[in-house]
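Examination of the molecular architecture
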Amino acid sequence: MIRILTGLSLILLISACASQIDAGVVREASAPGFWWGLWHGFIFPWSFIGSLFNPDIAVYAVPNRGGWYDFGFFAGITM
């Protein structure tokens with residue numbers, strides 16, 4: 001149990017250092033938000049395969065609205 005808690009604490013500590021480049025976050029209404037992030041997460045496996053063969057296919061939208069897009073992308077990948 002101690003090892004699990006130590007490992008989770010270490011992961012939390014390391015992930016707290018992650019940040020997004022400010023140039024990639026915009027507040028425009030047309031920028032991808034939660035719902036686009038969710039969709040991009042759902043189609044991630046196919047987008048990744050396509051990106052191996054075509055450089056015009058991206059698996060992540062930049063710029064986007066930031067945290068909500070990231071949350072939607074994560075939720076889409078995990079579902």
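These remarks concern the structure in this document. Computed from a prediction, not measured in an experiment: that's the story for all the values here.

So, on to the overall build of the chain. Secondary structure assignment for the chain yields four helices and zero strands. Ordered by position in the sequence, the α and β elements of the chain form the string α-α-α-α. Computed over C-alpha atoms, the radius of gyration of the chain comes to 15 Å, more than 25% over the 12 Å expected from 2.2 N^0.38 for 79 residues, which places it beyond the range of a compact globule. In the chain, which comprises 79 residues, the proportion classed as buried is 23%. Here the analysis covers contacts within the chain between residues at least 6 apart in sequence; of these, 77% occur between residues at least 24 apart.

Our focus in this paragraph is helix α2 (residues 34-42). Taken together, the buried positions of α2 are Gly37, Leu38, His40 and Gly41. Each buried residue of α2 lies within a common arc of 165° when the element is viewed along its axis, so the set occupies one face. The secondary structure elements touched by the buried residues of α2 are α3 (44-53) and α4 (67-78).

Helix-helix packing: each pair is described by the crossing angle between the helix axes and the interaxial distance. Running from N to C, α2 and α4 cross one another at 30°; their axes reach a closest spacing of 6 Å. Considering the angle they form, α2 stands roughly parallel to α4. The two elements α2 and α4 cross, and the hand of that crossing is right-handed. Facing Phe34, Trp36, Gly37, Leu38, His40, Gly41 and Phe42 of α2, the residues of α4 in contact are Trp68, Tyr69, Phe71, Gly72, Phe73, Ala75, Gly76 and Ile77. Looking at side-chain class alone, the contact of α2 with α4 contains 10 nonpolar, five polar and no charged residues.

This part covers the packing of aromatic side chains. A complete count under the given rule lists nine aromatic pairs for this structure. Ring geometry for Phe34 versus Trp35: centroids 4.9 Å apart, planes at 75°, classification edge-to-face. Looking at Phe34, the relative accessible area reads 23%, which means it is partly exposed. Among the aromatic residues, those joined into a cluster by ring pairs are Phe44, Phe48, Tyr60, Tyr69 and Phe73.

Quick notes on the rules
- Residues numbered from 1 in each chain as written.
- Predicted model: local features only at pLDDT ≥ 70, side-chain atom pairs only at ≥ 80, totals over all residues.
- Heavy atoms only, no water.
- Helix = DSSP H or I, 4+ residues; strand = E, 2+ residues; numbered from the N terminus.
- Rg over C-alpha atoms; globule rule 2.2 N^0.38 Å.
- Buried < 20%, exposed > 50% of the residue type's maximum accessible area, 1.4 Å probe, protein only.
- Contact = heavy atoms within 4.5 Å.
- Arc of directions from axis to C-beta.
- Axes fitted to C-alpha atoms, helices over the stretch in contact; angles between N-to-C directions.
- Parallel < 35°, antiparallel > 145°, perpendicular 65-115°, else oblique.
- Left-handed = near helix turned anticlockwise from the far one by under 90°.
- Nonpolar A, V, L, I, M, F, W, Y, C, P; charged D, E, K, R; others polar.
- Phe/Tyr/Trp six-rings, centres within 6.5 Å; stacked < 30°, edge-to-face > 60°.

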